[in-house]
Amino acid sequence: MKVFFVTGGAGFIGSAFVHLVLRERQDVSIIDFDALTYAGNLENLKDADPARHRFVRGDIRDKEAVLSALPDGADAIFNFAAESHVDRSITSASEFVTTNVLGTQVLLDCVRAKNVGRFVQVSTDEVMGSLPEDDSAFFLEDSPLQPNSPYAASKAAAEHFVRAARETFGLDTVITRCGNNYGPRQFPEKLIPLMIANAMRNEPLPVYGDGMNVRDWIFVDDHARAILAAYECGVSGSHYNVGARNERRNIEVVRSILDALGKPHSLIRYVQDRLGHDRRYAIDATLVENELGWKPATTWEDGLAATIDWYRNNQDWVEHIRNGAYREYYREMYAEKLGN
Ligand code: NAD
Ligand code: DAU
């Protein structure tokens, strides 16, 4: 059996990756290491086969905890664990620095201590900043790192530590930089699940600024497959941009959700813009397609319909979150914006 040590596997993308690996790689067992912050949810793992999946609650900033959970000679670490929401990083950046930067360095130290085969860092296109609205510009593998939010800065810093560990100690590392994910089990602080959850309750849908910012959306399972491909076929020391060539303006996304749910566009509220709001993300995925033989399998139309269905059929999952600390978060983040 191969052993994968997956950090952040109780979150949105990490849990999708865990399910993918358990489904499609019968020769792999997983140690799932997650601190269960507000974004971590054991419900996301309830169907994981206990014969090949072991959950350990722990913090990637805690070296002793990582060392005691990480077996000698594990085949890979997949680092999903992070503070991942831009708005929260604008309110307070310190957790982003400690988890995303220090936590990554702790894992790199543990790779050396335990002779781990390959380290896969799950990074983001946001490290490359923002593109002009002109359609001909895309993020490429050699685009400069120009992070604009504290979140993006912390992910860029983490990438530098991954590179340094490779150059200094010869670690086998691969980095993936993906665009905006959507799909089941995404915490409803992010655009798509927030809009679905609010629309289902006939509550206002807060759209930042003029709603014309562009994001490049990818279904979460396609991202998970790209990460697995980067582990299995990626060239050591490389980084790969991952995207589904699916640019959408925010307002278009929000209107599509309302239409799919049969709700009126009058629920839309234009609110004060996010500080430093990146205008456009768009990924040229040629390298990942050619070098890893990866292609997205899910169209935007199918993926959005499946996502909306999932939230419709899992209202308990959403309500459980909305009844907890999320209520206070939502009030602090949106009360003034929505004039409540
Ligand atoms: P998420 O917020 O849904 O999940 C993060 C997970 O990490 C949670 O389970 C949380 O409990 C865990 N975690 C947080 N701090 C931890 C710590 N100190 N120690 C151990 N576990 C900790 O995030 P996500 O959207 O699933 O993103 C996963 C990764 O993918 C992140 O690294 C993010 O930067 C990256 N990414 C996300 C997107 C996206 O669109 N969501 C796109 C590209 C890359
Ligand atoms: O590009 C990859 C990144 O995508 C990931 O690295 C991040 O972890 C992930 O959170 C995401 O970042 P964004 O900031 O693009 O995602 P978010 O869902 O927060 O916002 C998407 C767009 O929608 C953005 O332009 C801001 C806007 N927005 C968001 C919220 C929460 C709104 O208009 N209203 C909202 O209430």
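What you see is a predicted model; the values in this text were computed from it and never measured. (Residues numbered from 1 in each chain as written. Chains lettered and ligands numbered in written order. Predicted model: local features only at pLDDT ≥ 70, side-chain atom pairs only at ≥ 80, totals over all residues. Heavy atoms only, no water.)

J.: With reference to specific residues and values, describe the site of ligand 2.
T.: For ligand 2, the set of nearby residues contains 26 residues, the closest of which are D125, Y151, R274, H277 and Y334. Measuring from an oxygen atom of ligand 2, one finds a side-chain N or O atom of Y151 at 2.6 Å. Separating an oxygen atom of ligand 2 from a side-chain N or O atom of N180 is a distance of 2.8 Å. Summarising the interface, the protein chains cover 95% of the accessible area of ligand 2, which totals 690 Å² for the free molecule. Looking at the shell around ligand 2, its residues break down into 11 nonpolar, eight polar and seven charged. (Near = heavy atom within 4 Å. Polar contact = N/O pair within 3.5 Å; in protein donor to acceptor, adjacent residues only side chain to side chain. Areas by Shrake-Rupley, 256 points an atom, 1.4 Å probe, with all protein chains shown as cover. Nonpolar A, V, L, I, M, F, W, Y, C, P; charged D, E, K, R; others polar.)

J.: Before we move on, can you summarise the packing of aromatic side chains with the specific residues and values?
T.: The description of an aromatic ring pair uses the distance of the two centres, along with the angle that the planes make with each other. Tallying each qualifying case throughout the model produces 20 aromatic pairs. By the ring-pair criterion, three or more aromatic residues cluster together here, those being Y38, F187, Y208, Y326, Y329, Y330 and Y334. Across from the ring centre of Y38, 3.6 Å away, lies the NZ or CZ of R88, which sits over that ring. For the cation-ring pair, K337 lies above Y334, with the distance from its terminal atom to the ring centre recorded as 5.8 Å. (Phe/Tyr/Trp six-rings, centres within 6.5 Å; stacked < 30°, edge-to-face > 60°. Lys NZ or Arg CZ within 6 Å of the ring centre and 35° of its normal.)

J.: Outline the packing of helix α4 (residues 94-113) against helix α5 (residues 150-169), listing residues and values.
T.: Close contact between α4 and α5 brings their axes to 8 Å; oriented N to C, the two are set at 15 degrees. Between α4 and α5, the interaxial angle falls into the category roughly parallel. Considering the relative orientation of α4 and α5, their crossing is right-handed. Contacts between α4 and α5 involve F96, N100, V101, T104, Q105, L108 and R112 on the former and, on the latter, Y151, S154, K155, A157, A158, F161, V162, A165 and F169. Here the residues of the contact of α4 with α5 are counted per class, giving 10 nonpolar, four polar and two charged. (Axes fitted to C-alpha atoms, helices over the stretch in contact; angles between N-to-C directions. Helix = DSSP H or I, 4+ residues; strand = E, 2+ residues; numbered from the N terminus. Parallel < 35°, antiparallel > 145°, perpendicular 65-115°, else oblique. Left-handed = near helix turned anticlockwise from the far one by under 90°. Contact = heavy atoms within 4.5 Å.)

J.: Tell me about empty space enclosed by the protein, and name the residues and values.
T.: A complete count under the given rule lists two cavities of 30 Å³ or more for this structure. Space inside the second largest cavity adds up to approximately 60 Å³. Every residue lining the second largest cavity is listed: V86, E126, N148, S149, R215, R274, L275, G276, H277, D278 and Y281. Here the residues of the lining of the second largest cavity are counted per class, giving three nonpolar, four polar and four charged. (1 Å grid on protein atoms, 1.4 Å probe; cavity = no way out; pocket = protein on both sides within 12 Å on 5 of 7 lines; lining within 4 Å. Points joined across faces, edges and corners; volume = space filled by probe spheres on them.)

J.: Would you mind going over the pairing of strand β4 (residues 76-79) in detail, with residue names and values included?
T.: Every second residue of β4 is oriented toward a common face, with A76 and F78 on one face and I77 and N79 on the other, all of them buried. Alignment of strand β1 (residues 2-7) against β4, held across four bridges, turns out to be parallel. From the neighbouring strand, F4 faces β4, where its bridge partner is A76. Here four bridges tie β4 to strand β5 (residues 118-124), and the two strands are oriented parallel to one another. Each residue of the ladder has a partner; that of N79, found in β5, is Q121. (Buried < 20%, exposed > 50% of the residue type's maximum accessible area, 1.4 Å probe, protein only. Pairing = 2+ DSSP bridges.)

J.: Pulling in residues and values, what's your account of helix α6 (residues 191-200)?
T.: Residues spaced three or four apart along an α-helix face the same direction, because each turn holds 3.6 residues. Counted residue by residue, α6 has nine buried out of 10 residues, so it is predominantly covered. Every buried residue of α6 is listed here: I192, P193, L194, M195, I196, A197, N198, A199 and M200.

J.: Tell me about the site of ligand 1, residues and numbers included.
T.: Taken together, 30 residues lie near ligand 1, and I13, D34, S84, Y151 and K155 sit nearest. Measuring from an oxygen atom of ligand 1, one finds a backbone N or O atom of L36 at 3.4 Å. One of the side-chain nitrogen or oxygen atoms of T99 is found 3.0 Å away from a nitrogen atom of ligand 1. In the complex, 96% of the free accessible area of ligand 1, which totals 840 Å², lies under the protein chains.

J.: Which residues make up the nonpolar core, and what are the values?
T.: When a protein is soluble and globular, its nonpolar side chains tend to lie buried together. If you look at the biggest cluster of nonpolar residues, it comprises 37 residues, and the most contacted ones within it are I192, I196 and I257. When residues of this core are traced back to their parent elements, those giving at least two are α6, β8 (205-208), β9 (214-219), α8 (250-261), β12 (268-271), α10 (300-313), α11 (315-322) and α12 (326-338). Looking at this core element by element, the count peaks at seven residues for α6. For I192, the contacting residues outside a window of four places in its chain are Y182, W217, V253, I257, W300, L304 and T307. Residues I30, A48, A224 and Y231 belong to the second largest nonpolar core, which totals 26 residues. (Core = buried A, V, L, I, M, F, W, Y, C linked by side-chain atoms within 4.5 Å.)

J.: Break down the packing of α10 against α11 for me, citing the residues and quoting the values.
T.: Where α10 contacts α11, the two axes come as close as 5 Å, and the packing angle between them is 70 degrees. Between α10 and α11, the angle falls in the class roughly perpendicular. Counting all contacts with α10, which are made through W310, Y311, R312 and N313, the residues of α11 involved are Q315, W317 and V318. Considering only residue class, the contact of α10 with α11 consists of four nonpolar, two polar and one charged.

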